[in-house]
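# Residue-level structure breakdown
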Amino acid sequence: MRKLTLLLALLGPATVQLAQAQTTVEFWHTFGDPKRGGWIQDRADEFNKANPDIKVIPSYKGNDNDLISATILSARQGNAPAISQIFEGGSQLALDSGVFQPVSGIKNVDFSDYIKPVINFYTINGKVNSLPFNSSSPVLYYNKDLMKKAGLDPKKPPTTFGGLLADCKKIETARIGATCFGMSINGWFVENWMAEQGQTFLNNDNGRKGRATETNLDTQAAKNIFSFFKTLQDNKYYSYTGKIEDFDGSDAIFTNQKVVFHITSTSKIGNNSDGAKRAGFELGVGVLPIPNSTKRNGVVLGGASLWIAKAIPKAKAEGALDFALYMTNTRNMASWHKLTGYYPVRQSSIKLLRGEGWFTKAPLQLVAFNQQTNTIASPATAGALTGAGPQTRKIVEEALQKVLNGTSVDAALKEAKTRADAALTEYNANFK
């Protein structure tokens, strides 16, 4: 008994000292599903085991808007998470908030392995502000079995609005028990369709030459998009849950075989593939259909990146960056891509995947990958940069929903532009 007491006395202070020396790194993310959230937890467990002086604690914190709002509020209360996964549309807001520090300033990091269009998106004023993590773009998903049932060739999915509408007419005539098309109402898709037409969503080169002061919702490019949705609705070709930003609900409509065609993020390839297998149909993936007579310019980067809090000790910031770099290293980004459909954000990850023959074994992933790599660099495809991004996206979504409910395209766009421009003006007033 005496020996045991002596042993505990010797071990006790050392154990306490180790606990005190351990740096805790909170990581807030938006993946509540077991597949993606579980992958993040597994990476944290691996990192913690290899680095006993650091403890990474991942936590699901809701959707994009919930997370960025909670992070900024917590930071201003002096309790910011070390790492926050901020969606691409919130980048300017994250930058303007002043609660984050550029990752390029924490310690010397070689960013040359990251895919150039991806790292460029998060490089502002010569500084890499955040580390790319989950990057995506929209693609067309389709049910090959239902296409065959409607007399369509599943090897030839539609690539234009006109082509999709023509297929919708055939699907309706065939009476196969499914609606033609469905997708979530989300402003990001509108921004992508603007970019595909070579049109910036915002003035001042999409907010990259100077703060954006106006949207371009009064352009023909915007009218083309809204008119497409009006035609879909007028002909009863369109199906959605009635909610805006309902990605999961729209996916469920598709995987339950209620629609033939579906547009959503490349990040849903993994989940939608699983859904198709459960439902017993063959899944196809094609490029994003675009307006007729439009030169394909490419897509806008979606997804999110990893931002590190400003008001934290240097040791915590370095530990947070070390984990972010570990989670986005060559092998982990290849693994993440295979699991989800998000782009592998490193050149070395692409090389690894090609060496394994992955793109031959997973042709659905190749469509999305080629769509991104074939994107032509321009202010339009660089993506919109504004601190009012969450508000302007919601305004666009509400305008689309009004068109679906019978409002004319011109009236909906006019109101949306007035409201969105006012949101930009209100936001910019903070920085005079």
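Read on for a plain summary of the structure. Positions within a chain are numbered from 1, following the residues in the order the chain's sequence is written. Since the coordinates come from a predicted model, pLDDT governs what is reported: local features require at least 70, and pairs of side-chain atoms require 80 or more to be given and counted, while whole-chain, interface and lining totals use all residues. Think of the side-chain values as coming from all heavy atoms in the structure, minus any hydrogens and water.

### Regarding the overall build of the chain
- Helix numbering and strand numbering both begin at the N terminus, where a helix is a DSSP run of H or I of at least 4 residues and a strand a DSSP run of E of at least 2. If you tally the helices and strands in the chain, you get 20 helices and 13 strands.
- Radius of gyration here uses only the C-alpha atoms, and the compact-globule reference equals 2.2 Å multiplied by the residue count raised to the power 0.38. A compact globule built from 432 residues should have a C-alpha radius of gyration of about 22 Å, and the chain, at 23 Å, falls within 12% of that.
- Burial status across the chain gives 55% buried among its 432 residues.
- Working rule for contacts: check all heavy atoms of both residues, and any pair within 4.5 Å makes them a contact. Taking all contacts inside the chain whose residues are at least 6 apart in sequence as the whole, residues at least 24 apart take part in 78%. Relative accessible area decides the class of each residue, using a 1.4 Å probe on protein chains only: under 20% of the type maximum gives buried, over 50% gives exposed, and in between gives partly exposed.

### Here's the deal with the packing of helix α10 (residues 220-234) against helix α19 (residues 389-404)
- Only the stretch in contact is used when fitting a helix axis, every axis being a line fitted to C-alpha atoms; angles between N-to-C directions are given from 0 to 180 degrees. As a packed pair, α10 and α19 sit with axes 9 Å apart at the nearest point and diverge in direction by 35 degrees. Read as a crossing pair, α10 and α19 show a hand that is right-handed. Note on element contacts: α19 touches α10 through V396, A399, L400, V403 and L404, opposite F226, F229, K230 and Q233.
- Any residue outside Ala, Val, Leu, Ile, Met, Phe, Trp, Tyr, Cys, Pro, Asp, Glu, Lys and Arg is labelled polar, Gly included; the first ten of those are nonpolar and the last four are charged. Class assignment of the residues belonging to the contact of α10 with α19 gives a composition of 7 nonpolar, 1 polar and 1 charged. If you view the pair so one helix is near and one far, a crossing is left-handed when the near helix is turned anticlockwise from the far one by less than a right angle, and right-handed when it is turned clockwise.

### Topic: the pairing of strand β3 (residues 83-87)
- The buried fraction of β3 amounts to 5 of the 5 residues, a majority that puts the element mostly inside the structure.
- The alternating pattern of β3 places I83, Q85 and F87 and S84 and I86 on opposite faces, both of which are buried.
- Only when DSSP finds a minimum of two bridges between them are two strands counted as paired. Here 5 bridges tie β3 to strand β13 (residues 302-309), and the two strands are oriented antiparallel to one another. Within β13, the position partnered with I83 by the bridge is I308.

### Quick word on the side chain of N186
- By the element assignment, N186 lies in the loop between β9 (179-183) and α8 (187-196).
- Excluding its chain neighbours within four sequence positions, the residues that come into contact with N186 are E245, F247 and E397.

### Quick notes on the pattern of salt bridges
- For salt bridges, the criterion is a side-chain nitrogen of Lys or Arg within 4 Å of an Asp or Glu carboxyl oxygen. A complete count under the given rule lists 20 salt bridges for this structure.
- Across the pair E46 and R43 runs a salt bridge, and its minimum N-O distance is 2.6 Å. Residue E46 and its partner R43 are located together in helix α2 (residues 34-50), separated by 3 residues, close to a single helical turn.
- Classification of E46 as partly exposed rests on a relative accessible area of 33%.
- Between D234 and K230 there is a salt bridge, with the nearest N and O atoms lying 3.2 Å from each other.

### What about the sheet that holds strand β8 (residues 138-143)?
- Spatially, β10-β9-β11-β8-β12 is the arrangement adopted by the 5 strands of the open sheet, whose pairing is mixed. If you trace the sheet from one side to the other, it starts and ends with β10 (238-239) and β12 (283-286), each paired once.
- Summarising the sheet, β9 and β10 pair through 2 bridges and their orientation is parallel. Considered in β10, the bridge of F181 is made with Y238.

### Considering the packing of aromatic side chains
- Pairs were defined over the aromatic rings of Phe, Tyr and Trp, the Trp ring being its six-membered one, requiring ring centres within 6.5 Å. Orientation was assigned from the angle between planes: stacked under 30 degrees, edge-to-face over 60, tilted for the rest. In this structure the tally under the stated criterion is 28 aromatic pairs.
- For the pair F47 and Y326, a centre-to-centre distance of 5.8 Å together with 45 degrees between the ring planes defines the contact as tilted. Pair noted here: F47 is in helix α2 and Y326 is in helix α13 (residues 314-327), with a separation of 279 residues, a long-range link.
- In this structure F47 comes out as buried when scored by relative accessible area, which is 5%.
- On the basis of an interplanar angle of 25 degrees and a centroid distance of 5.0 Å, the ring pair of F359 and F369 is categorised as stacked. With a gap of 10 residues between them, F359 in helix α16 (residues 358-361) and F369 in helix α17 (residues 363-373) connect regions that are remote in the sequence.
- Exposure remark for F369: the relative accessible area of 3% places this residue in the buried category.
- Among the aromatic residues, ring-to-ring pairing joins F161, F181, W193, F228, F229, Y238 and Y240 into one connected group.
- Here, over-ring charges are defined by two tests on the NZ atom of lysine or the CZ atom of arginine: distance to the ring centre within 6 Å, and angle to the ring normal within 35 degrees. Over the ring of W28 we find K61, and its NZ or CZ is 4.5 Å from the ring centre.

### What about the packing of helix α14 (residues 330-340) against helix α15 (residues 347-355)?
- Viewed as axis vectors pointing N to C, α14 and α15 meet at an angle of 65 degrees, and their least axial separation amounts to 8 Å. As for how α14 packs across α15, the hand of that crossing is right-handed. Taken together, the residues of α15 that come into contact with α14 (itself represented by T330, R331, M333, A334, H337 and K338) are S348, S349, L352 and L353.

### Topic: helix α3 (residues 64-76)
- Expected span of a helix: the number of residues minus one, times 1.5 Å. Here α3 spans 19 Å end to end across 13 residues, near enough to the 18 Å set by a 1.5 Å rise per residue.
- At its buried positions, α3 is contacted by β1 (23-29), β3, α4 (91-97) and β4 (100-101).
- Regarding α3, its N-cap is N63, as a side-chain oxygen of that residue lies 3.2 Å from the backbone nitrogen of N65 further along.
- Phi for G78, located one or two positions after α3, is positive at around 80 degrees. As used in this structure description, the phrase polar contact means that two N or O atoms lie within 3.5 Å; if the pair is within protein, one of them must be able to donate a hydrogen and the other to accept it, and residues adjacent in sequence are counted only when both atoms belong to side chains.

### Concerning α15
- Taken together, the buried positions of α15 are occupied by S349, I350, L352 and L353. Looking straight down α15, one finds its buried side chains confined to an arc of 160 degrees; they lie on one side. Exposed residues on α15 whose side chains face more than 90 degrees from its buried face are K351, R354 and G355.
- Packed against the buried residues of α15 are α14, α16 and α17. The arc in question is the one spanned by the directions pointing from the helix axis to the C-beta atoms.

### Some details on the environment of F323
- Along the polypeptide, F323 turns up in helix α13.
- Taking C-alpha positions, F323 is 40 Å from L400, a pair spaced 77 residues apart along the chain.

Without other data, these values stay purely geometric and don't point to any function.
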